[in-house]
Amino acid sequence: PYESLQNYLVRWANEPDPPIRKTGNVWLIASQEDAWRLLARNLTNDDLNRFETVALEVLGELDPAFELPLDQRFAASIYGKELTHSGYLRKGISEMLALMAALSAEIEFIADRTGEEVARQVVWQLMEKTKNNMHLWASLANLLPLLAEAAPEIFLDAVEVGLSGDDPVLLGLFQDRDTGAALMASSPHTGLLWALETLAWHPDYLSRAALNLTRLTRLDPGGQLANRPGSSLRDIFICWHPHTTASLTSRLSVLDIIRKRESGVAWHLLMSLLPKRHSAVSPTHGT
């Protein structure tokens, strides 16, 4: 019960080096990474199985706000169209998945599985559910960068499936095509762009992330928001301030691949990379 838990939280918050902190009405772990390093070795198979079950239940919920017309979504709470679980909980679980995968090589469990295996299994099951399910993609939009970090290859596989066919399911995320989007000040497609921008920082994933952004650029229906796939591509490859840790040789190789596979997009991309007076560079996600 929350009342019992709160007693522990208040006591821990008053320790000399408190492991938790309170912001407004929300209790937070002071340092997720430190806590994970200290506690992960005590986890059993049952603990990991319970976490996996809860993660899939919480993250797999469809956001009822997307059942409303575009110009009413900003008032979703008034219409009672809210997720069962808070955004803090959903983000916290997603951050945990990314942390489990990132520190997997450093931390051994008593349990039979590694942190990376648990993270990959959760993300794989979520991505399986997104097949032909734009509603779930949209519900996960703001968590996609963390899920991409937790299991990059599984995430990229899912994006490639979502961009295939005559009517790609991921095009449904572009929901800023009319003036009603101005009331939302967002669109689910931004989460997908941020996830691909995040993966583009890593040399191993630059090529696939860039190619998916190239496909999205070709298919982009346009909209009210400045966040567009073409802008993400430019910011990743801009010569004087690249948003990737890949070498210049690798970046040029990826640009060659884009040129061969998507010549129309490549021409506009290369033109946008030419220096211009007052040319601005926007930070990509993960900067």
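Quick note: structure is the one above.
Residues numbered from 1 in each chain as written. Predicted model: local features only at pLDDT ≥ 70, side-chain atom pairs only at ≥ 80, totals over all residues. Heavy atoms only, no water.

## Concerning the overall build of the protein chain
So, point 1. From N to C terminus, the protein chain includes 14 helices and 2 strands.
So, point 2. A compact globule built from 287 residues should have a C-alpha radius of gyration of about 19 Å, and the protein chain, at 21 Å, falls within 12% of that.
So, point 3. Its C-alpha atoms give the protein chain principal-axis dimensions of roughly 60 × 45 × 40 Å.
So, point 4. Burial statistics for the protein chain: of 287 residues in total, 41% are counted as buried.
So, point 5. Of the charged side chains in the protein chain, 26 are positive and 35 negative, and the gap between their average positions amounts to 7 Å. (Helix = DSSP H or I, 4+ residues; strand = E, 2+ residues; numbered from the N terminus. Rg over C-alpha atoms; globule rule 2.2 N^0.38 Å. Buried < 20%, exposed > 50% of the residue type's maximum accessible area, 1.4 Å probe, protein only. Lys, Arg positive; Asp, Glu negative; His and termini not counted. Charge placed at Lys NZ, Arg CZ, Asp CG, Glu CD.)

## Some words on the pairing of strand β1 (residues 20–23)
So, point 1. Judged from the 4 bridges that link them, β1 and strand β2 (residues 26–29) form a sheet pairing that is antiparallel. Pairing of Arg21 across the sheet is with Leu28, part of β2.
So, point 2. In this antiparallel pair of consecutive strands, β1 and β2, the connection spans 2 residues, and Gly24 shows a positive phi of 65 degrees. (Pairing = 2+ DSSP bridges.)

## Things to note about a nonpolar patch on the surface
So, point 1. A cluster of nonpolar side chains, Tyr2, Leu5, Tyr8 and Trp12, forms an exposed patch at the surface whose accessible area comes to about 410 Å².
So, point 2. Along the chain, the position of Tyr2 falls in helix α1 (residues 2–13). (Patch = residues over 30% accessible without salt bridge, like charges linked within 9 Å, V, L, I, M, F, W, Y side chains within 5 Å. Areas by Shrake-Rupley, 256 points an atom, 1.4 Å probe, with all protein chains shown as cover. Salt bridge = Lys/Arg side-chain N within 4 Å of Asp/Glu carboxyl O.)

## Here we look at the side chain of Ser187
So, point 1. By secondary structure assignment, the location of Ser187 is in the loop between α9 (181–184) and α10 (189–200).
So, point 2. A polar contact of 3.0 Å, which involves the side chain of Ser187, links it to the backbone oxygen of Leu173.
So, point 3. A distance of 3.0 Å separates the side chain of Ser187 from the backbone nitrogen of Gln175, its partner in a polar contact.
So, point 4. With sequence-adjacent residues up to four places away left out, Ser187 is seen in contact with Leu173, Phe174, Gln175, Asp176 and Leu225. (Polar contact = N/O pair within 3.5 Å; in protein donor to acceptor, adjacent residues only side chain to side chain. Contact = heavy atoms within 4.5 Å.)

## Details of the nonpolar core
So, point 1. In terms of nonpolar packing, the biggest core is built from 58 residues, with Met127, Trp137, Phe155 and Phe237 touching the most fellow members.
So, point 2. What Phe237 contacts, discounting residues up to four positions off in sequence, is Leu206, Ala210, Arg251, Val254, Leu255, Ile258 and Leu273.
So, point 3. Membership of the second largest hydrophobic core comes to 11 residues, among which are Trp36, Leu99, Ile107 and Phe109. (Core = buried A, V, L, I, M, F, W, Y, C linked by side-chain atoms within 4.5 Å.)

## A look at the environment of Ser164
So, point 1. Along the chain, Ser164 falls in the loop between α8 (152–162) and α9.
So, point 2. Considering only alpha carbons, one finds Ser164 and Arg215, 51 residues apart in sequence, at a separation of 9.7 Å.
So, point 3. Within polar-contact distance, the side chain of Ser164 engages the backbone oxygen of Val161 at 2.5 Å.

## Quick notes on helix α3 (residues 45–59)
So, point 1. Taking 1.5 Å as the rise per residue, α3 with 15 residues should run 21 Å; its terminal C-alpha atoms sit 21 Å apart, in good agreement.
So, point 2. Within α3, burial applies to Leu48, Glu52, Ala55, Leu56, Val58 and Leu59. All buried residues of α3 project into a common sector of 165 degrees when viewed along the axis, lining one side. Across from the buried face of α3, at angles greater than 90 degrees, the exposed residues are Asp46, Thr53 and Glu57.
So, point 3. Structurally, α3 contributes buried residues whose contacts are with α4 (87–102), α5 (115–129), α6 (134–139) and α7 (144–150). (Expected span 1.5 Å × (residues − 1). Arc of directions from axis to C-beta.)

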